[in-house]
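So you can see what is in the structure, the chains are spelled out below.
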Amino acid sequence: MARPAKIFGAGRNHRRAESPNENRGMVMGNSNVRRPYKGVFPVVPTVFDGDGRLDLEGQKRAVDFMIDAGSHGLCILANFSEQFVLTDAERDMVLDTVLNHVVGRVPVIVTTTHFASHICAERSRRAQQAGAAMVMVMPPYHGATIRVGESAIHEFYRTVSDAISIPIMIQDAPVAGTPMSAAFLARLVRELANICYFKIEVPQAAAKLRELIAIGGEAIEGPWDGEEAITLMADLDAGATGAMTGGGYPDGIRQITDPYFAGRRDEAAAAYERWLPLINYENRQCGLIACKALMKEGGVIKHETVRLPLQPLHPAVRAGLIEIAGRLGPLVLRWGK
């Protein structure tokens with residue numbers, strides 16, 4: 001018999017619903033989109049001017065383009081947003097600018113990762129107060145060697161969960177260097193009120209998604225794909241219901257996910273084959289700069305600046321990106337022209 005679904009509230013004494021569908025109509029944050037959140041939720045780049053300062057007008061244009069391109073929701077302050085080069089004050093500026101500009105058009109996920117439990121909790125509380133629909137949090141890590149064990153990870157996520165009443169997405173990615181088994185992730189779902197979404201982007205992601213869904217069942221509200229959608233078809237086949245990709249071509253990713261969720265797998269597979277060269281080029285050649293280069297090329301933003309010590313794309317690599325994208329005709333290349 002399936003375990004009852006969660007009603008997500010702060011603290012340990014959260015009420016549980018009688019039916020797994022009771023919480024499906026809940027609206028979180030300011031968005032009119034209802035849970036469970038599904039579809040394409042790309043990462044928004046942090047936009048800088050030519051001198052590397054925040055370009056908040058460019059930030060708003062990037063958000064407007066991504067919504068126009070069909071994003072079901074957005075994620076800000078993620079690794080592909082260069083969150084690791086921002087001051088705390090800049091994080092708050094980006095948070096407020098984006099959420100005030102989106103004004104509920106789509107749900108916004110805010111990445112609040114930090115090694116310290118209380119700082120991550122405070123960041124998450126701040127994001128909820130600003131109107132975030134969800135927070136995304138990596139397990140605590142620092143540098144190449146500082147890690148904590150499962151009991152400390154559990155306590156870390158408990159501290160964050162107790163601080164807020166919106167969903168938490170655990171980002172399971174190699175950059176943290178912290179292996180978390182599907183069984184451990186399912187335990188977090190069972191024991192912590194607001195843990196219910198997972199972005200799985202480790203090697204053999206589809207196998208882990210399949211195992212996580214099998215163990216966690218209906219408590220796994222959102223098993224999601226990541227890593228620029230390079231494993232998207234396998235992950236969809238494993239049960240993924242969302243994709244957190246780069247922000248350059250949400251319209252292209254939707255050509256894959258829309259037919260898949262409508263039961264037209266052959267059409268989805270054909271679209272995946274069509275877009276895979278661009279997905280691969282972003283993932284393997286460009287990384288987080290791909291989105292900015294595409295947005296600059298299409299007049300969405302004025303500069304594709306990344307902060308030092310990150311380096312701009314080599315001109316030949318950038319030309320290859322634009323050439324591949326040009327054959328596919330994504331909205332990004334004409335939105336601002």
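Below, the structure is looked at part by part.

## Points about the sheet that holds strand E4 (residues 134-137)
Pairing between the strands of a sheet is mediated by backbone hydrogen bonds and can be parallel or antiparallel.
Next up, step 1: Strand order in the open sheet formed by eight strands is E1-E10-E9-E8-E7-E4-E3-E2, and the pairing between neighbours is parallel. Sheet topology places strand E1 (39-40) and strand E2 (74-76) at the edges, where each strand pairs with a single neighbour.
Next up, step 2: Bridge analysis of strand E8 (residues 195-200) against strand E9 (residues 222-225) gives four bridges, and the strand direction is parallel. Counted as the bridge partner of Phe198 is Pro223 from E9.

## Quick word on the pattern of salt bridges
Once their charged atoms are close, side chains differing in charge can pair, the charge on each being opposite to the other.
Next up, step 1: In the structure shown here, the tally under the stated rule is 23 salt bridges.
Next up, step 2: We note a salt bridge from Arg126 to Asp92, for which the minimum N-O separation is 3.6 Å. Pair noted here: Arg126 is in helix H3 (residues 117-130) and Asp92 is in helix H2 (residues 88-102), with a separation of 34 residues, a long-range link.
Next up, step 3: With a relative accessible area of 25%, Arg126 lands in the partly exposed category.
Next up, step 4: The partner of Glu191 in a salt bridge is Arg187, with the nearest N and O atoms 3.2 Å apart. Here Glu191 and its partner Arg187 are both found in helix H5 (residues 182-191), four residues apart, which amounts to about one turn of the helix.
Next up, step 5: For Arg187, a relative accessible area of 29% translates into the label partly exposed.

## Let's talk about helix H8 (residues 250-261)
Next up, step 1: With 12 residues, H8 should cover 16 Å at 1.5 Å per step; its first-to-last C-alpha distance of 16 Å lies within 8% of that length.
Next up, step 2: All buried positions along H8 are accounted for by Pro250, Asp251, Gly252, Ile253, Ile256, Thr257, Pro259 and Tyr260.
Next up, step 3: Structurally, H8 contributes buried residues whose contacts are with E1, helix H1 (56-68), helix H7 (232-237) and helix H9 (265-286).
Next up, step 4: Phi turns positive one or two residues past the end of H8, at Gly263, with a value near 90°.

Here is what the cut-offs are and how they apply
Residues numbered from 1 in each chain as written. Predicted model: local features only at pLDDT ≥ 70, side-chain atom pairs only at ≥ 80, totals over all residues. Heavy atoms only, no water. Pairing = 2+ DSSP bridges. Helix = DSSP H or I, 4+ residues; strand = E, 2+ residues; numbered from the N terminus. Salt bridge = Lys/Arg side-chain N within 4 Å of Asp/Glu carboxyl O. Buried < 20%, exposed > 50% of the residue type's maximum accessible area, 1.4 Å probe, protein only. Expected span 1.5 Å × (residues − 1). Contact = heavy atoms within 4.5 Å.

Fair warning: the whole summary comes from geometry, so function is off the table for now.
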